[in-house]
Amino acid sequence: MDRTRQAVQLTDMWRRSTFRHGVHPPDTKHLTAEIPIRRMPFPAEIVLPLRQHAGRPARLLVEKGDHVERGDKIAEADGFISVPIHASAAGTVTDICLWPHPDGSVATAVRIVLDSYSPQIPRPRIVPRWEGLSPQQVVAAVQQAGVVGLGGAAFPTHVKLLPPEGVNVELLLVNGAECEPYLTTDHRVMVEYPERVHFGIRVMMHTLGVDRAVIGVEKNKPDAIEALDATRPADLDVTVLPLTVKYPQGAEKMLIRTVTGREVPSGKLPAHVGTVVQNVGSIAAIAEVFETGYPLIERVVSVTGPAVRHPANLIVPVGTKLRDVLEFCGGLTEDVAEIVLGGPMMGACQPDLDAPVIKGTTGIVGLTHAETKPREAYPCIKCGRCLDACPVYLNPQLLGALAQAGRYEDMEKARLMDCMLCGCCSYVCPSNLPLSQLFALGKSGLRRRKDQAA
Amino acid sequence: MDLPSLLTPVAILSGVGLTFGTLIALAHWKLKVWEDPRIDELSDILPGANCGACGFAGCRAFAEAAISGQVVPAECTVMGSFELEEFAVTLGVEAGEVEKRVARLLCAGGSNVAVQKADYYGVESCAAAVAVSGGGKGCAWGCVGLADCAVSCTFDAIRMNPFGLPVVDPDKCTACNDCVVACPLDLFVLMPQQHHLIVQCRNLLDGEAATSVCSAACNACGRCVADAEPGLIAMRAGLAVIDYERIELENPAAIARCPTNAIVWVEGAQVFPGLELAESEAR
């Protein structure tokens, strides 16, 4: 406890609130940074894939032809590292079929055609009030509400609320860095719902039994820092820490490094260095779940980028097709070249606009040919810029060469699994080598070889 | 220089040489492992590709297995008929016969029939495309067409056709399994060349959902199930599945009414839609 506080104070004092390496891409957040969050009207149909979170996909509960109300559970959590899925609108299940998934594959999904003229009122309070709940009950309630990390990876939130046996968590780190270019979802949530963020922090601190929380926000969001600071509850030890603007400041391990000065060992969890990191959007989602009693059935999405006619921050029902969201934002311009889900550094390009918004979708970014012009890749000139950019001190040049040679086992020895695919190396490479794609290839190739060997 | 001082080093060196020479000779006599001389002889006849198609660790391991009688010479599918006979004569056994197996592609969705949803720019490899967002083809199960299999083929048996589908030359294919391992979508299977009936599709969608992404997709209409001998073909999860345990029941009637030509009767190399046309144009 004391050591953490000391470390936080030291970083405060030195004002060196950053980590080593990393890159400075243009943040291009001006497109949506000032636009208040709006609610998007319900589409005619929603599609809910059963796999929306890290861990086991949910187990189906409904059948074709069933009628569901808004907030009804349509799939049950399958095991502890899994969450249920709830209908985000009232309607009729027309089909349970294979449907394009935002990760580029196809996955089993529930198609629901919405009731016309329905007021879409959710069932009253599915989630209990949090007052008087024991930590275990809060964990169960958060799981039943289907809350996952809204920062992109969609890791079930309740798992983080129950740290592994034998570790002592002493600091709750709230991740409001939002270091990806273009995205402004967390920014707008912090500006518009600061009380909700603080309420979520209160629930998490109670459940984890920690008495100190730090909210890390990059300095390019002064209005968010101000709003959070102004609404800080008097009875809790919560600090708002402005962070240097640098990518990937919002990566879990980088944030821990910045705030506490500690490094998470390879293959370990943040809990092993006494911290739990939670995205600010997920914190707000926990608060919303306990406030309203509804499960997680909608989320804030930034629809932005130069190829979107009217960029916006929208509350979108989970399962809305990208096509409907983009249509509501005035559609795409003629020179659109690429649609990316998530930020442009780590996000996944989308081949199909029928894919739905899922719980982990932070943003829909439309890029034009000017941003995505395919450039020829040249041979590596061994300049070493990727080594200077890599925030986890890997050797991307070596890993890239090994991937091209198909030597995935050697990549593993060169610590491929510590790579979080942040894309810093690809960003700085003067030869335009698609390094982070090669690492994605290495990871999938390694998994495939292990499956084949088994 | 006087003679005695020259003799000393000569004597020492000769002594050392003699001692170690004796030791080596002793070690050779004591630690010698007898090896069948035929192993080297047979290994020389084998192609030396170490492709693994026979199921052994390499050509030498196959030679050892052949001497011990575990395999018949014909189980090396890479040898030509001349080498095969030489191998059999050297070993003094019959060459034997094995069923000729070839790699078959379970996709007919070339760029002429399959819908392309998006263009892919990036590492020119199927595995890399699949690792990010699937290469942009409308059908999530379909051939990506970036030739990982052709690159992996040791015997140059795979060529990409003008529509981006790999065509296997059955004469060159040795069923070594390399393309099966290389394909990130598991579209290759090894099967005996005598099997003529193949469903060239792995799309699990049915009806219009399937044909809207590829006009050569199996739309699970069930006509082949009705036309074939009962029990040969079954419809499972949006795809016609042939029971190869009962393949002796096959006859060309099964493919007659297929609306998309997803099920085909193959003699020799696989034929994909539009290929005849492309070949005639080339001429």
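Only a predicted model underlies this, so the values are computations on that prediction, with no experimental measurement involved. (Residues numbered from 1 in each chain as written. Chains lettered and ligands numbered in written order. Predicted model: local features only at pLDDT ≥ 70, side-chain atom pairs only at ≥ 80, totals over all residues. Heavy atoms only, no water.)

J.: Outline the packing of helix α4 (residues 185–192) of chain A against helix α6 (residues 222–230) of chain A, listing residues and values.
T.: Residue and element names in this part refer to chain A. Between α4 and α6, the least distance of the axes is 8 Å, while the angle of their chain directions is 35°. In the crossing of α4 with α6, the sense of the turn from one axis to the other is left-handed. Contacts between α4 and α6 involve H187, M190 and V191 from the former and D223, A224, A227 and L228 from the latter. Looking at the contact of α4 with α6 residue by residue, the class counts come to five nonpolar, one polar and one charged. (Axes fitted to C-alpha atoms, helices over the stretch in contact; angles between N-to-C directions. Helix = DSSP H or I, 4+ residues; strand = E, 2+ residues; numbered from the N terminus. Left-handed = near helix turned anticlockwise from the far one by under 90°. Contact = heavy atoms within 4.5 Å. Nonpolar A, V, L, I, M, F, W, Y, C, P; charged D, E, K, R; others polar.)

J.: I'd love a proper account of the packing of aromatic side chains, names of residues and values included.
T.: Under the criterion given, the structure shown has three aromatic pairs over all chains. Residues B:F56 and B:F62 carry aromatic rings whose centres are separated by 6.2 Å and whose planes lie at 65° to one another, so their mutual orientation is edge-to-face. Relative accessible area serves as the criterion here: at 25%, B:F56 is assigned to the partly exposed category. Connected via pairs of aromatic rings, a cluster forms that spans B:F56, B:F62 and B:F87. Directly above the aromatic system of A:Y193 lies the positively charged group of A:R196, at a separation of 4.6 Å from the ring centroid. (Phe/Tyr/Trp six-rings, centres within 6.5 Å; stacked < 30°, edge-to-face > 60°. Buried < 20%, exposed > 50% of the residue type's maximum accessible area, 1.4 Å probe, protein only. Lys NZ or Arg CZ within 6 Å of the ring centre and 35° of its normal.)

J.: Got a sec to walk through the packing of helix α2 (residues 135–144) of chain A against helix α5 (residues 194–208) of chain A? Specific residues and values, please.
T.: All names here are of chain A. For the pair α2 and α5, interaxial distance at closest approach is 8 Å and the crossing angle is 130°. Taken together, α2 and α5 sit at an angle that is classed as oblique. Relative to α5, the crossing made by α2 is left-handed. On α5, the residues touching P135, V138 and V139 of α2 are V203, H206 and T207. (Parallel < 35°, antiparallel > 145°, perpendicular 65-115°, else oblique.)

J.: I'd like a description of the interface of chain A and chain B, backed by residues and values.
T.: Contacts between the two partners involve 17 residues from chain A, matched on the other side by 23 residues from chain B. Summing both partners gives a buried area of about 1500 Å² for chain A against chain B, and 64% of it is carried by carbon and sulfur. Area buried by chain A at its contact with chain B is led by A:P351, A:Q437 and A:R448, which between them contribute 37% of it. Our enumeration of links across chain A and chain B arrives at two salt bridges. (Buried area = accessible area lost by both parts, 1.4 Å probe. Salt bridge = Lys/Arg side-chain N within 4 Å of Asp/Glu carboxyl O.)

J.: Mind laying out the sheet that holds strand β11 (residues 238–243) of chain A, listing which residues take part and the relevant values?
T.: Residues and elements named next belong to chain A. Strand order in the open sheet formed by four strands is β11-β10-β9-β12, and the pairing between neighbours is parallel. Bordering the open sheet on either side are β11 and β12 (275–279), each of which pairs with just one other strand. Each neighbouring strand pair of the sheet contributes to a mean axis angle of 25°, computed without reference to strand direction. Bridge count between strand β10 (residues 213–218) and β11: six bridges; the pairing is parallel. (Pairing = 2+ DSSP bridges.)

J.: I'd like a description of the pairing of strand β14 (residues 312–317) of chain A, backed by residues and values.
T.: As a general feature of sheets, a regular strand has side chains that alternate between the two faces. Judged by how many residues are buried, β14(A) sits mostly within the fold: six of six residues are covered. Side chains A:A312, A:L314 and A:V316 project from β14(A) onto one buried face, and the interleaved A:N313, A:I315 and A:P317 project onto a second face that is buried too.

J.: Which residues make up the domain arrangement of chain A, and what values go with them?
T.: Residue and element names in this part refer to chain A. Taken domain by domain, chain A comprises domain 1 (3–30 + 127–292), domain 2 (37–124 + 295–368) and domain 3 (385–453). Distance between the C-alpha centres of domain 1 and domain 2: 25 Å. At the junction of the two partners, domain 1 supplies 33 residues and domain 2 supplies 38 residues. With both sides pooled, the region where domain 1 packs onto domain 2 buries about 2600 Å², and carbon together with sulfur makes up 66% of that total. Considering only the surface of domain 1 that becomes buried against domain 2, L150, Y182 and T185 emerge as the three largest contributors, covering 22% of it. Remark: the boundary between domain 1 and domain 2 carries zero salt bridges. Among the secondary structure elements, those contributing two or more residues to the side of domain 1 that touches domain 2 are α2, α3 (157–160), α4 and α8 (280–292). Per-element tally for the side of domain 1 that touches domain 2: the top contributor is α4, with four residues. (Domains from an automatic or database assignment.)

J.: Which residues make up the sheet that holds strand β13 (residues 298–304) of chain A, and what are the values?
T.: All names here are of chain A. Strand order in the open sheet made by the six strands is β1-β14-β13-β17-β15-β16, with mixed pairing throughout. For this open sheet the edge positions go to β1 (37–39) and β16 (348–349), each flanked by a neighbour on one side alone. The sheet contact formed by strand β15 (residues 336–341) and β16 spans two bridges and is antiparallel. Across the sheet, residue V340 finds its bridge partner in β16, namely C349.

J.: Explain a negative patch on the surface to me, and be specific about the residues and the numbers.
T.: Residues B:E41, B:D44, B:E83 and B:E86 make up a contiguous surface patch of negative charge. Here B:D44 falls in the exposed class, since its relative accessible area comes to 65%. (Patch = residues over 30% accessible without salt bridge, like charges linked within 9 Å, V, L, I, M, F, W, Y side chains within 5 Å. Areas by Shrake-Rupley, 256 points an atom, 1.4 Å probe, with all protein chains shown as cover. Lys, Arg positive; Asp, Glu negative; His and termini not counted. Charge placed at Lys NZ, Arg CZ, Asp CG, Glu CD.)

J.: Could you give an account of the pairing of strand β7 (residues 91–100) of chain A, naming the residues involved and the relevant values?
T.: All names here are of chain A. Sheet topology note: the strand β4 (residues 67–68)/β7 ladder contains two bridges and is antiparallel. If you follow V68 over to β7, its bridge partner there is G91. From the end of β7 to the start of strand β8 (residues 106–114), which pair antiparallel, there are five residues, and G104 there has a positive phi angle of about 100°.

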